[in-house]
Amino acid sequence: MFDVYVNVNYMVSIMTVAAIPSGQMPPSRDPQRIYSIAELSREFAITPRTIRFYEDEGLIKPRRQGTMRLYTAGDRTRLSWILRGKRLGFSLAEIRELLDLYQVDRTGIQQLRELLRRSQLHIVDLERKRADLDQHIGEFRQVEAQVSAELRQRGIDPESD
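Residues numbered from 1 in each chain as written. Predicted model: local features only at pLDDT ≥ 70, side-chain atom pairs only at ≥ 80, totals over all residues. Heavy atoms only, no water.

**Q** Please give an account of the side chain of Glu-55 that cites residues and values.
**A** Among the secondary structure elements, Glu-55 is positioned in helix H3 (residues 48-56). A polar contact is formed between the side chain of Glu-55 and the side chain of Arg-69, at a distance of 2.6 Å. Setting aside residues no more than four positions away along its own chain, Glu-55 makes contact with Ile-60, Pro-62, Arg-64, Arg-69 and Tyr-71. (Helix = DSSP H or I, 4+ residues; strand = E, 2+ residues; numbered from the N terminus. Polar contact = N/O pair within 3.5 Å; in protein donor to acceptor, adjacent residues only side chain to side chain. Contact = heavy atoms within 4.5 Å.)

Written out as structure tokens, the structure reads:
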């Protein structure tokens, strides 16, 4: 196994652009601060088990002091990206690949390009799904109109039970 470093500066800027309302500054974070699993659980409103799962998957790798896990600012940033990536619909494999790209290119350019490429692919997929849903909704509206008309023709109010 090997340690994976995340370019915190790039990941923080990506995360904060969409996460912070315009006109507000992100809370300052001490890069030397150490977080407990309980602190991160509270901050991100997730269970410690979720954090341990991401650790088991190799997405974060806290230091250990006995049985206690010690999370760095970089671990916190990675966790933030993991959770945002999941909300956006990225798979854990995609998230891992995006995070690991920093090992290949420490400027973060490849990370950003790949994030852009994958985001565009997700947008295309979501737009296709939305079109499919719009078509299905249209079909159900036609069924609804036909059935309502048939009930009215039979003297029955379609809205009554």
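**Q** An account of the pattern of salt bridges is requested, with residue identities and associated values reported.
**A** Where side chains of opposite charge bring their charged atoms close, a pairing between them can arise. Under the definition given, this model contains 13 salt bridges. Between Asp-125 and Lys-129 there is a salt bridge whose closest N-O contact spans 3.2 Å. Residue Asp-125 and its partner Lys-129 are both found in helix H6 (residues 109-153); the two are separated by four residues, about one turn of the helix. What you see here is one network of salt bridges that share partners, running through Glu-94, Glu-97, Glu-114, Arg-117 and Arg-118. (Salt bridge = Lys/Arg side-chain N within 4 Å of Asp/Glu carboxyl O.)

**Q** Let's hear about unusual backbone geometry: which residues, and what values?
**A** The phi torsion at Ala-45 lies on the positive side, around 55 degrees, for a residue other than glycine. Mapped onto the elements, Ala-45 comes out in the loop between helix H2 (37-44) and H3. Looking at Ala-45, the relative accessible area reads 70%, which means it is exposed. (Buried < 20%, exposed > 50% of the residue type's maximum accessible area, 1.4 Å probe, protein only.)

**Q** Can you lay out H3 for me, pointing to particular residues and giving the numbers?
**A** Along an α-helix, residues three or four apart share an orientation, since each turn contains 3.6 residues. For H3, the complete set of buried residues consists of Ile-51, Tyr-54 and Glu-55. The buried residues of H3 occupy an angular sector of 105 degrees when projected down its axis, which confines them to one face. Exposed side chains of H3 directed beyond 90 degrees from the buried face belong to Arg-49 and Asp-56. Against the buried residues of H3 lie H2, strand E1 (63-65), strand E2 (68-70), helix H4 (73-87) and helix H5 (92-104). (Arc of directions from axis to C-beta.)

**Q** Which residues make up the nonpolar core, and what values do they have?
**A** Ile-51, Tyr-54 and Leu-79 are the most contacted members of the largest nonpolar core, which totals 20 residues. When contributions to this core are tallied by element, the ones reaching two or more residues are H2, H3, H4 and H5. Among all residues touching Ile-51, those that are not within four sequence positions of it are Ile-37, Leu-40, Ser-41, Ile-46, Ile-60, Tyr-71 and Leu-79. (Core = buried A, V, L, I, M, F, W, Y, C linked by side-chain atoms within 4.5 Å.)

**Q** Describe the environment of Arg-63, and please don't skip the residues or the numbers.
**A** The residue Arg-63 is located in strand E1 in this model. A residue is classified by how much of its surface remains accessible, and Arg-63, at 47% relative accessible area, is partly exposed. Between the C-alpha atom of Arg-63 and that of Ile-34, which follows or precedes it by 29 residues, the distance is 9.8 Å. Non-local contacts of Arg-63, meaning those with residues more than four positions away in its chain, are made with Ile-34, Met-68, Arg-69 and Leu-70.

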